[in-house]
Amino acid sequence: MYILQDVFNLLPQQDDEATVTAFGAETNDMMLGLYLASVLRSTMTLHELINNKISNKEAQSAKKEDPKKDGSAVGDDKDKEAVTKDKEAGKE
C-alpha cells in the first residue's frame, strides 16, 4: 500500500497552470488532425460516389441509344447462333 502511495506522490503535479495548458493544447492538436482526416475522407468518398453516379448514367444512356452493342437486344441469341453455324460450316 505504501508503494502505491509513493507512485502517486512521484507523479508530476497536474494542478500547475502551465501543465494544464500544455495538455490542453496537445489534445486540441490531436483532435484537429483527426477532424481534418475525417473531413478529407468524407470528401473523397463523396467525390467517388458522384463520379460513380455520372459513369453509371453515361453507361445507361449509351445502352439506351444503341441496344445492339451490349448484346441484350431481342434476337441477338439467334444472330449469334447463325454466325457460329456459318463459321463452323466455313471450316469444313
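Cut-offs applied
- Residues numbered from 1 in each chain as written.
- Predicted model: local features only at pLDDT ≥ 70, side-chain atom pairs only at ≥ 80, totals over all residues.
- Heavy atoms only, no water.
- Helix = DSSP H or I, 4+ residues; strand = E, 2+ residues; numbered from the N terminus.
- Buried < 20%, exposed > 50% of the residue type's maximum accessible area, 1.4 Å probe, protein only.
- Areas by Shrake-Rupley, 256 points an atom, 1.4 Å probe, with all protein chains shown as cover.
- Patch = residues over 30% accessible without salt bridge, like charges linked within 9 Å, V, L, I, M, F, W, Y side chains within 5 Å.
- Salt bridge = Lys/Arg side-chain N within 4 Å of Asp/Glu carboxyl O.
- pLDDT = per-residue confidence, 0-100.

Undergrad: Residues and numbers for the overall build of the chain, please.
TA: Looking only at helices and strands, one finds three helices and zero strands in the chain. Listing each helix as α and each strand as β along the chain from the N terminus yields α-α-α. In the chain, which comprises 92 residues, the proportion classed as buried is 2%. With an accessible surface of roughly 8900 Å², the chain has 60% of that area assigned to carbon and sulfur atoms.

Undergrad: Explain a nonpolar patch on the surface residue by residue, including any values.
TA: On the surface, M1, L4, F8 and L11 cluster together into a nonpolar patch covering about 490 Å² of accessible area. Structurally, the position occupied by L4 is in helix α1 (residues 2–10). According to the relative accessible area criterion, L4 is partly exposed, its value standing at 48%.

Undergrad: Can you break down the confidence of the model for the chain residue by residue, with the values?
TA: Summary statistics for the chain give a mean pLDDT of 81 and a share of 72% for residues scoring 70 or more. Considering each helix and strand of the chain separately, the mean pLDDT is smallest for helix α3 (residues 76–91), with a value of 58, and largest for helix α2 (residues 17–65), with 94.

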